Amino acid sequence: KQWYQRRVAITAGGDIVKENTLVSTSRDKSIKIWDGVNNRFMRAVHYPPKLSSARESNLNKEQPWAAVLWTAAGIVGSSPTGDLAKLEEHTTEEGISELKWSSFDSPHSHSKKVFSMCDLGHGQVISTSMDRETILWREGECVKVAHGLGGFAYGLDISPLAPNRIAVATGDNMVRIWEPYQNKVTQVWQSVRTKVMTIAWHPYREGLVGFGTEEGRVGVYDVNTGSMNTSSTYHEKPVYSMSWGYVPTKFEDDQLKTGLYTCGGEGTILCHKPKELGKPAVNVNAYIAAENKYKHMPPGRTAVDWEFNAQLLAVGCNNGLIEVFKAPNLQQVAVFQYHSRIINKLRWGRNEGTKVCFQKGDAEKQDPETAPGSPAVQLLLASCSDDNRICVEDLSSVVADPSSTPRLAASQTLTGHTARITDIDWNPHNYRYIVSASYDGTAQVWDIADGSGVSNYRGHAGRVFSVRWSHTSIDCVFSGSDEFTVRQWRTTDNVELMPPTTNQLLPPTRNNRKKKKVPTATLR
């Protein structure tokens, strides 16, 4: 309902409507105008029409809903599909004056029902909708759109072939394709049905993105065609990590054919073939055990990441162990343990520019660029864990010679976060820098050469789940958190260099938690 308390010319028997006039909406798909002074009904009009027949065919079979707003220029209403229109007076050929809807002529509009509208004056109106968008209108034209989320931003990934596309895994049962520079968001909800926990773009097939859900399901969505397919093989628990990689040759003759590797909370790695999702997925745990002739029960796997050019698969485990396997038969080439708790994420870095020279305190290691027999490309592997640390290892020599002595300490260890680290990503413009996301509510940029902090972002009000470095800007980072937001920020804008020393997001400990006074009963 909406009151209007000015003198406005409204066609109601040719009279001028006095002040205290009320407009209301109803389930019978009508908008009614009332005289608040005399308490009488004046006029009724139908909901605004739908602009497109395609949208009408996809309309949810729910109770109709419409919002109405009385502005200085007249009545603005919405259709059940989210189209906005203004109620204007028109004169027919017979000279009869009647009210008709004039739709807002704008290329962008709401895609679902509108909940509310607000008049800002000067011809400006703000509307909010079920599609989680807030739109600013000026004289019937869409001038600004603010996109919202309805759940945690669990995962982010930037397309390597279309850097303007960012895939967002959210807890409101949707996959979102965000194009920030065009301020455009595509919502994908078909066949999702539950929280999306992780997401990953295909490395060389444009528009193909894979995702994993809280129920353990795995799906592949094609942005170009709009097609959605889900795998027939489920994980027993939520999917926390995924990466596109080479399908094991035992199951596929073509070594260049790629599959989607997913890791579930039960500790199993599965390989799904995107064109054969209806067939059973490959159990990578069993395949690795058979190829490497394991005589022991391997630990539960928690993270996977592929390095395509070197054909290397890195696997993290729930006890802090990290394994590296070589395609095509996934032979183990390295195993090391730098963490004491579960591995949350692994990230390969292929440094083809200036080699990173690691320093620890006053001792400086030999520069890989001048080391004898050093490869032209520096392969870096970063890992983050629940032990609040990031470990970076240079695996160039280990991969070249698997028989080399395993290292007892990482090339660099980054410490400073006060809570678990959930995600990491390399700076694609300079592999000397890496960014991390943490439960302490901050995102941190590190210099891996000396382990120092470069920039600390504290713009989130909750735990940070995901982080990605922009492929088009050297100092631009995207991060998602549990406050239902994905934020874009620049490393050069932050004042702090390191995370706070105390985690303000943690609940109070048992010692400093205030005890509630419980009233005692008195026996009589």
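Below is a short write-up of the structure. (Residues numbered from 1 in each chain as written. Predicted model: local features only at pLDDT ≥ 70, side-chain atom pairs only at ≥ 80, totals over all residues. Heavy atoms only, no water.)

A word on the overall build of the protein chain. Counting its secondary structure elements, the protein chain contains three helices and 41 strands. Counting all 524 residues of the protein chain, 51% fall into the buried class. Considering only residue pairs separated by 6 or more positions, the protein chain has 49% of its internal contacts joining residues 24 or more positions apart. On the protein chain, roughly 25700 Å² of surface is accessible, and the fraction owed to carbon and sulfur atoms is 49%. (Helix = DSSP H or I, 4+ residues; strand = E, 2+ residues; numbered from the N terminus. Buried < 20%, exposed > 50% of the residue type's maximum accessible area, 1.4 Å probe, protein only. Contact = heavy atoms within 4.5 Å. Areas by Shrake-Rupley, 256 points an atom, 1.4 Å probe, with all protein chains shown as cover.)

Looking now at the side chain of Q378. Position of Q378 among the secondary structure elements: in strand β32 (residues 378–385). Separated by 2.9 Å, the side chain of Q378 and the backbone nitrogen of V356 make a polar contact. Among the polar contacts listed, one links the side chain of Q378 to the side chain of D394, at a separation of 3.1 Å. (Polar contact = N/O pair within 3.5 Å; in protein donor to acceptor, adjacent residues only side chain to side chain.)

It is worth spelling out the sheet that holds strand β28 (residues 331–337) at this point. The strand order across the open sheet built from four strands is β25-β26-β27-β28, with neighbouring strands paired in antiparallel fashion. A strand with exactly one partner marks an edge of an open sheet, and here the two such strands are β25 (301–307) and β28. Within this sheet the neighbouring strands show an average axis-to-axis angle of 20 degrees, counted without direction. With six bridges connecting them, β25 and strand β26 (residues 312–317) associate as antiparallel partners. Across the sheet, E307 pairs through a bridge with L312, a residue of β26. (Pairing = 2+ DSSP bridges. Axes fitted to C-alpha atoms, helices over the stretch in contact; angles between N-to-C directions.)

Further remarks concern the sheet that holds strand β10 (residues 124–129). The antiparallel open sheet is built from four strands, whose spatial order is β9-β10-β11-β12. For this open sheet the edge positions go to β9 (114–121) and β12 (141–147), each flanked by a neighbour on one side alone. Taking the axes of each pair of neighbouring strands and ignoring which way they run, one obtains an average angle of 20 degrees across the sheet. The sheet contact formed by β9 and β10 spans six bridges and is antiparallel. Among the inter-strand pairings, M117 is bridged to a residue of β10, identified as S127.

What follows deals with the side chain of S231. Relative to the assigned elements, S231 resides in the loop between β20 (228–230) and β21 (239–246). By relative accessible area, which is 3% here, S231 ends up buried. A polar side-chain atom of S231 sits 2.8 Å from a polar atom in the side chain of H272. Those residues in contact with S231 that sit more than four places away from it in its chain are V218, H272 and L277.

Moving on, we come to the environment of P48. Mapped onto the elements, P48 comes out in the loop between β4 (40–46) and α1 (53–57). Apart from residues no more than four positions distant in its own chain, P48 is found in contact with I31, G77, S78, S79, A85 and W101.

Before going further, it helps to spend a moment on the nonpolar core. Note that soluble globular proteins tend to have their nonpolar side chains buried in a common cluster. Among the nonpolar cores identified, the biggest contains 28 residues, and Y261, W306, L313 and L330 are the most heavily contacted of them. Counting only elements with at least two residues in this core, the list comes to β19 (218–222), β21, β22 (258–264), β23 (269–272), α2 (284–291), β25 and β26. Tallying contributions element by element places β21 first for this core, with four residues. Aside from chain neighbours lying at most four places away, what touches W306 is S243, W244, G245, Y246, Y261, Q311, L312, L313, A327, L330 and W348. Ranked by size, the runner-up nonpolar core spans 19 residues in total, among them V324, A334, L346 and W348. (Core = buried A, V, L, I, M, F, W, Y, C linked by side-chain atoms within 4.5 Å.)

Taken as a whole, this structure holds 19 salt bridges when the rule is applied. A salt bridge links E496 to R458; the shortest N-O distance between them is 3.7 Å. One end of the pair, E496, is in the segment after β41 (486–490); the other, R458, is in the loop between β38 (452–457) and β39 (464–469), with 38 residues separating them in the sequence. Salt-bridge contacts for E483 lead to R487; the nearest nitrogen and oxygen are separated by 2.9 Å. (Salt bridge = Lys/Arg side-chain N within 4 Å of Asp/Glu carboxyl O.)

All of the buried residues in α2 are V284, N285, Y287 and I288. Angular distribution of buried residues about the axis of α2 spans 165 degrees; they occupy a single face of the element. At the N-terminal boundary of α2, the capping side chain belongs to N283, with an oxygen 3.1 Å from the backbone nitrogen of N285. Of the residues trailing α2, K293 is marked for its positive phi of about 55 degrees. (Arc of directions from axis to C-beta.)

Here we take up the pairing of strand β16 (residues 184–188). Of the pairings in the sheet, the one linking strand β15 (residues 175–179) to β16 comprises five bridges and is antiparallel in character. Across the sheet, R176 pairs through a bridge with Q187, a residue of β16. Linking β15 back to β16 in an antiparallel pair, the connection comprises four residues, with N183 at a positive phi of about 50 degrees.

Before going further, it helps to examine the packing of aromatic side chains. Counting across every chain of the model gives 15 aromatic pairs. Relative to F484, the ring of F152 has its centre 5.8 Å away and its plane inclined at 55 degrees; by these criteria the two rings are tilted. Placement of the pair is F152 in the loop between β12 and β13 (153–158) and F484 in the loop between β40 (476–481) and β41, with a sequence separation of 332 residues. Look at F152 and you get partly exposed, because its relative accessible area is 23%. On the numbers, 6.3 Å between centres and 80 degrees between planes, the contact of Y204 with F308 is edge-to-face. Highlighted residues: Y204 in the loop between β17 (196–201) and β18 (208–213) and F308 in the loop between β25 and β26, separated in sequence by 104 residues. By way of ring pairs, the aromatic residues F152, Y154, Y439, F465 and F484 are connected into one cluster. (Phe/Tyr/Trp six-rings, centres within 6.5 Å; stacked < 30°, edge-to-face > 60°.)

The linkage connecting A327 with the following residue, P328, adopts the cis geometry, with an omega of 10 degrees. Within the element layout of this structure, P328 appears in the loop between β27 (321–326) and β28. Its identity as a non-glycine residue notwithstanding, R132 has a phi of 65 degrees, on the positive side. In this structure, R132 sits in the loop between β10 and β11 (133–138). The partly exposed category is assigned to R132, whose relative accessible area is 33%. A positive phi angle, close to 65 degrees, is found at F484, a residue other than glycine. A relative accessible area of 37% means that F484 is categorised as partly exposed.

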